[in-house]
Amino acid sequence: HLCKFCEYTKMRTPDPAIQIKYIDTLRNDIQKYLKASQSANLYGLDIGGGTPLSICDEAFDALTALVKDIIQSTRQTDDFEPSIEGTFQTLSRHKIEAISSAGIKRLSLGLQSSSTSLMQSYNRESEHLKAMVEAIRDIHTWGIEKINIDVMYGLPGQTKDSIEKDLQVLKELAPEQVTVYEFRCNQVSRNYLITPEERFKQYQLLYEGLISLGYIAEFGQNTFSKSKTDKGLSSYLRHRMIDGWQYKGFGISAQSMSSYGISYNLGKNDNNLTSLILNDTFESGNHYCLPRTELLNKFIAISGYYGGISVKAASRILGADFLVEYKDILQYLHEKGLISINTEEIRLTATGFMHYGAILSLFQCASR
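What you see is a predicted model, and the numbers here were worked out from it, not measured in a lab. (Residues numbered from 1 in each chain as written. Predicted model: local features only at pLDDT ≥ 70, side-chain atom pairs only at ≥ 80, totals over all residues. Heavy atoms only, no water.)

**Brief notes about helix α2 (residues 57–73)**
Inference 1: Between its first and last C-alpha atoms α2 spans 24 Å; for 17 residues at 1.5 Å apiece the expected length is 24 Å, and the two agree.
Inference 2: Regarding α2, the residues found buried are A59, F60, L63, T64, L66, V67, I70 and I71. Buried residues of α2, seen end-on, are gathered within an arc of 150 degrees and therefore sit on one face of the element. Residues of α2 that are exposed and point over 90 degrees away from its buried face: E58, Q72 and S73.
Inference 3: Packed against the buried residues of α2 are α1 (16–36), β1 (41–42), β2 (46–47), β3 (75–76), β4 (83–86) and α3 (93–102). (Helix = DSSP H or I, 4+ residues; strand = E, 2+ residues; numbered from the N terminus. Expected span 1.5 Å × (residues − 1). Buried < 20%, exposed > 50% of the residue type's maximum accessible area, 1.4 Å probe, protein only. Arc of directions from axis to C-beta. Contact = heavy atoms within 4.5 Å.)

**Structural notes on the sheet that holds strand β11 (residues 286–289)**
Inference 1: Strand order in the open sheet formed by three strands is β9-β10-β11, with antiparallel pairing between adjacent strands. Two strands in the sheet have a free side with no partner beyond their single neighbour: β9 (255–257) and β11. When the angles between neighbouring strand axes are averaged without regard to direction, this sheet yields 15 degrees.
Inference 2: In terms of strand pairing, strand β10 (residues 261–264) meets β11 through four bridges, oriented antiparallel. In the strand pairing of β11, S263 is matched with H287. (Pairing = 2+ DSSP bridges. Axes fitted to C-alpha atoms, helices over the stretch in contact; angles between N-to-C directions.)

**Quick notes on the packing of helix α6 (residues 160–173) against helix α7 (residues 196–212)**
Inference 1: Packing of α6 against α7 brings their axes to within 10 Å, and their N-to-C directions diverge by 25 degrees. Considered as vectors, α6 and α7 are oriented roughly parallel to each other. Here α6 runs over α7; the crossing is right-handed. Across the interface between the two elements, K160, I163, E164, L167 and L170 from α6 touch Q202, L205, L206, G209 and L210 from α7. (Parallel < 35°, antiparallel > 145°, perpendicular 65-115°, else oblique. Left-handed = near helix turned anticlockwise from the far one by under 90°.)

**Re the pattern of salt bridges**
Inference 1: In this structure the tally under the stated criterion is 10 salt bridges.
Inference 2: Residue R238 is joined to D79 by a salt bridge in which the shortest nitrogen-to-oxygen separation is 3.5 Å. Highlighted residues: R238 in helix α8 (residues 235–241) and D79 in the loop between β3 and β4, separated in sequence by 159 residues.
Inference 3: Note on R238: relative accessible area 12%, which makes it buried. (Salt bridge = Lys/Arg side-chain N within 4 Å of Asp/Glu carboxyl O.)

**Remarks on the pairing of strand β5 (residues 106–112)**
Inference 1: Burial of β5 is extensive: seven of the seven residues sit out of reach of the surface.
Inference 2: Burial of the side chains of β5 extends over both faces: R106, S108, G110 and Q112 are buried on one face and L107, L109 and L111 on the other.
Inference 3: Pairing between β4 and β5: four bridges, direction parallel. From the neighbouring strand, E85 faces β5, where its bridge partner is S108.
Inference 4: Between β4 and its parallel partner β5, the chain crosses via α3, and the hand of that crossover is right-handed.
Inference 5: Pairing analysis gives six bridges linking β5 to strand β6 (residues 146–153), with the strands arranged parallel. (Right-handed = clockwise from strand over helix to strand, strands pointing away.)

Here it is in structure tokens:
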């Protein structure tokens, strides 16, 4: 299925031979990169977004074998935590065993909503609660330490009752982490829009419900965890989103970011994705050198998802004291009650979260 709310590069699962060709090319690109980067420490390894568990068993075995090779042949940071994405419908005992054997410690599953009718309207399937509970048990039995469940708010058709049902399902599943996504319709008709006030109320309902279930998060944060230390994120996302570290993407249309700028692999603006899989590499020459202010804007946009901005990371990326360089904007936002400021972090307040898009855009305007 191609879910209607996904705004990223996507395609229906091709035939097994093409899937295996994709993994082979992925392996070649990764091995070439690691050979040239032997002094690097790996701080994360995330497989997704999308649904890599949808591929056939043979291709999935090749993928998890590749992950195992990467883990065994590289140095990693102490908090290194590889993660993979999937859905309850694409899980199988074989794939759970393969994930565990590869050394992957975190599995993120897209539930989105427990409402069958709502999911069907977005071309998604739903799973019975009993089957999901059994799947969670199997995942933990195989030693996969963390399960994250994705849910959405702001979906047209969602109600207070449906969100409360989602919270009841999360209570039964009791995952270690929960991520809440806002439905964004910039890729579909504006007829899907609900009001900002409605979205805010739905987030607030999810936030209060998750806190009552024992999850930890600041208001405005989209990632919830039962641990005080992991922030509800994989190690890759933790360091990318909070610390602004560099990252390298592999596969069709993957994005990379360095201290110099951003690059995209083949497929970012290509509709004929199947033909690209037949290439011997997915790497491309689409590199964009960016000034420090633009790199900072990219970081702030990503950090906004977490609801806060690290002053230390922002200053490092900018090459100057962030609090000084953006003093006027920060002072304005603080006086309006839209952010809180300390020497370590800037966070959106509840009022600020309601207007987060406009707030993050102010930093873009200020850098021009």
